[in-house]
Each structure stands twice: as C-alpha cells, then as structure tokens.
Amino acid sequence: MYVLTYICGYNASMNFPKKPPSWLVALILIVGVLSLSTAAIFIRLANAAASDRTLGFSLVLAASRLTLAALILVPTWPKIQWQKLQPGALLYAGAAGICLALHFAVWITSLSYTSIAASTALVTTNPIWVAILSALLYGEKPCPRRVSGIAFALLGAAAIGFGDLSAASEGSHPMLGDCLALMGSWALSLYLLLGREAQQRGLGISGYIAIAYTTAAIVLLPLPLAFNSSYSNYPSNIYVYILPIAIFPQLIGHTSLNWAVRWISPTLVTLAALFEPVGASFLAYLVFQEVPTLPVLAGAALLLCGVAIAALGSRQR
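Residues numbered from 1 in each chain as written. Predicted model: local features only at pLDDT ≥ 70, side-chain atom pairs only at ≥ 80, totals over all residues. Heavy atoms only, no water.

Undergrad: Tell me what's going on with the overall build of the protein chain, and back it up with residues and numbers.
TA: Helix and strand content of the protein chain: 15 helices and zero strands. Considering the protein chain as a whole, with its 317 residues, one finds that 56% of them fall into the buried category. In the protein chain, once contacts between residues fewer than 6 apart in sequence are set aside, the share between residues at least 24 apart is 89%. Put simply, the protein chain shows about 13,100 Å² of open surface, and 72% of that area lies on carbon and sulfur atoms. (Helix = DSSP H or I, 4+ residues; strand = E, 2+ residues; numbered from the N terminus. Buried < 20%, exposed > 50% of the residue type's maximum accessible area, 1.4 Å probe, protein only. Contact = heavy atoms within 4.5 Å. Areas by Shrake-Rupley, 256 points an atom, 1.4 Å probe, with all protein chains shown as cover.)

Undergrad: Any chance you could break down empty space enclosed by the protein for me, citing the residues and the numbers?
TA: Scanning the entire structure with this criterion turns up two cavities of 30 Å³ or more. For the largest cavity, the lining is made up of 14 residues, of which L36, H103, L188, H254 and E276 are closest to its centre. Among the secondary structure elements, those contributing two or more residues to the lining of the largest cavity are α5 (89-110) and α12 (236-260). With three residues, α5 is the largest single contributor of residues to the lining of the largest cavity. The class makeup of the residues in the lining of the largest cavity is eight nonpolar, four polar and two charged. (1 Å grid on protein atoms, 1.4 Å probe; cavity = no way out; pocket = protein on both sides within 12 Å on 5 of 7 lines; lining within 4 Å. Points joined across faces, edges and corners; volume = space filled by probe spheres on them. Nonpolar A, V, L, I, M, F, W, Y, C, P; charged D, E, K, R; others polar.)

Undergrad: So what's going on with the side chain of S58? Residues and values would help.
TA: Relative to the helices and strands, S58 resides in helix α4 (residues 55-72). Taking relative accessible area as the criterion, S58 reaches 0% and is therefore assigned buried. Excluding residues within four positions of it along the chain, S58 makes contact with I108, T109 and S112.

Undergrad: Got a sec to walk through the pattern of salt bridges? Specific residues and values, please.
TA: Counted under the stated rule, the structure contains one salt bridge. Notably, a salt bridge pairs R201 with E197, separated by 3.1 Å at the nearest N-O pair. Taking relative accessible area as the criterion, R201 reaches 23% and is therefore assigned partly exposed. Judged by its relative accessible area of 13%, E197 is buried. (Salt bridge = Lys/Arg side-chain N within 4 Å of Asp/Glu carboxyl O.)

Undergrad: For the confidence of the model for the protein chain, give the residues involved together with the corresponding values.
TA: Averaged over all residues, the pLDDT of the protein chain is 81; the fraction at 70 or higher stands at 85%. Confidence, read as mean pLDDT per element, is least for helix α1 (residues 2-10) in the protein chain (54) and greatest for helix α10 (residues 205-220) (94). Taken together, the stretch residues 10-16 has pLDDT below 50 and engages in 23 contacts with residues farther than four places along the chain or on a different chain. (pLDDT = per-residue confidence, 0-100.)

Undergrad: Account for the environment of A105, with residues named and values stated.
TA: On the secondary structure map, A105 appears in helix α5. If sequence neighbours within four positions are ignored, A105 has contacts with L55, L59 and L220.

Undergrad: Outline the environment of T120, supporting the account with residue identities and numerical values.
TA: Assignment of secondary structure puts T120 in helix α6 (residues 116-123). Overall, T120 belongs to the buried group, its relative accessible area being 0%. Along the chain, T120 and L182 lie 62 residues apart, while their C-alpha atoms are 9.6 Å from each other. Beyond its immediate sequence surroundings of up to four residues, T120 is in contact with A40, W107, E276, P277 and A280.

Below is the structure:
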C-alpha cells in the first residue's frame, strides 16, 4: 500500500511536480505489473470456491472488486479541487470508468472459458491498439525500433496464448474466452488513453481513480442481477478473495499504470504491462500446477526481448 500512498501523494496537487526520475517510474511500473499478475489467480480461486463459471458470477466479482476499491477511495473525494479542473476532465474520467467496467466484465468472464496464460496474454495486447490510437489522436508516431519491439512483444504474447491452448489446459470454450479477452484489451486501451486525457486536464491521480473506479462500480453493480446472480449466498472464502483483488491488481496495479501514463508514453506503459502474462503464468504453475509448455516459455523470452528493444528505442528518441 506504500506505493499507492506515494503515487497519490506525488500527484495530489493541481500544480503538477516535475517529471519523476526514470528509475522511479520503472520501479512503480514493476510493482504495478506484479500486482496485476495476481488478478487471474484470485479470480480462478474464487471461481473454484463458488463452483460457478457463469457470466453472472463473473460480473459479481468485477462489481465487487470495483465497489470495494471505490469505497476505500472515498476519503480522497473532498481533496479534489473541482474549481481548478479544465473542461472535459470529469467527462474523460467518467468515460474511462465505463471502459474499465467493460474491460472487467469481458475479461473476468474469459477466465471461465480459457486458460490463465491465454487470457492474460491476449488481454495485454494493448501496445498495438494504444500505439494506433496514440498515432491517430496525438500524433505520437512510434520510431522504427519501438515498432520492432512491439512486434517482438506481441509475437511473444501470441506464443504464450496459443502455446497454452495447444496443451490440455483448462477452459471449456477457448475460442470464446480468447475473443472476450481481446475485447477486454480494446476496452483497457481506451481506458488508459481517456485516463491520460483526464489527468492532463487537471485531475490528480487520486481524484481521477476515485471518479473512474466509482463510475465503473456504478455501471457494474446492477448487471449481475440481470443475469439472475446475487451478491450473497456464496461460501465465505469468496469474500476473502475479493479483498486482495481490490487491493493488489486494482488499487496498486491499475493505479500504478494510470500514474505512469501521466509521465511516459502510453505505448511504453502497455508494453511494460505485457509482463503480466509471464507473472500470471508463473503463479498459475505454483498455485494450480498449470505447467508452461515450450511455446509459452519461448513466448516469454520473445516478450521480454520486445519490451527491452522498445524501451531502449524510446530512450534514444
């Protein structure tokens, strides 16, 4: 929680401080991605404990995660300096929250149909979508080295996903799970770019995540009821799993990415997030004995090389 306290405090003022040193941005990104890697594990544990892989239960997990995170952030609301916000700041933050809600609804559901490695590999294909949108919206055309790095990283992510699918991995409808994970990637890409715009229009990171997470929670809360699911009558350990999901991947993981996107290229942030399937696959091996295949290991090596190439390319621009 120290990381969360630091990044919220670092950007609490509307008079934004100077850009933090590169090593600090890298450190917070590492902590954030490691936190993100735990999400699939806790979600799979909750699915197993509830013996429920329906869309309704997936929405229960998504809504509970965002609601708990939003409640933890309630003390930050009085600190938002509303009078200093530029036009559109709240609109962008709210739109980001809607995209975040869509991301969780489809991605958490994907974990009921395909493996952890495949789902996390496909949902972290953000670099290509963010690079395209950044070029169209902000004119941030990637240099050739970054393009090659993105290509290597995406090839690695694809190898992780499809290599895992070729094995006898868990997942009743892998193709459906893959499509849902890809939709989650599109929604997450929009979420990061909209969040960047909201922060550039005067919202500090603590105010932004309070608005975005609360909006996402409000959107998700009624959805389980539409699919004949409720928030009660589950084993008690389900609620124990929801707490770390809200704290680690949500409050620490997502907030770290949102903080970093304020200081460095969104494409570079999403490239760093490509480490998530590597961490999630390793944890899946420890917890569920999901043994990585050779293509998965080769894909991880390609992914790491791609991130390194892209990062070096960005420093030399």
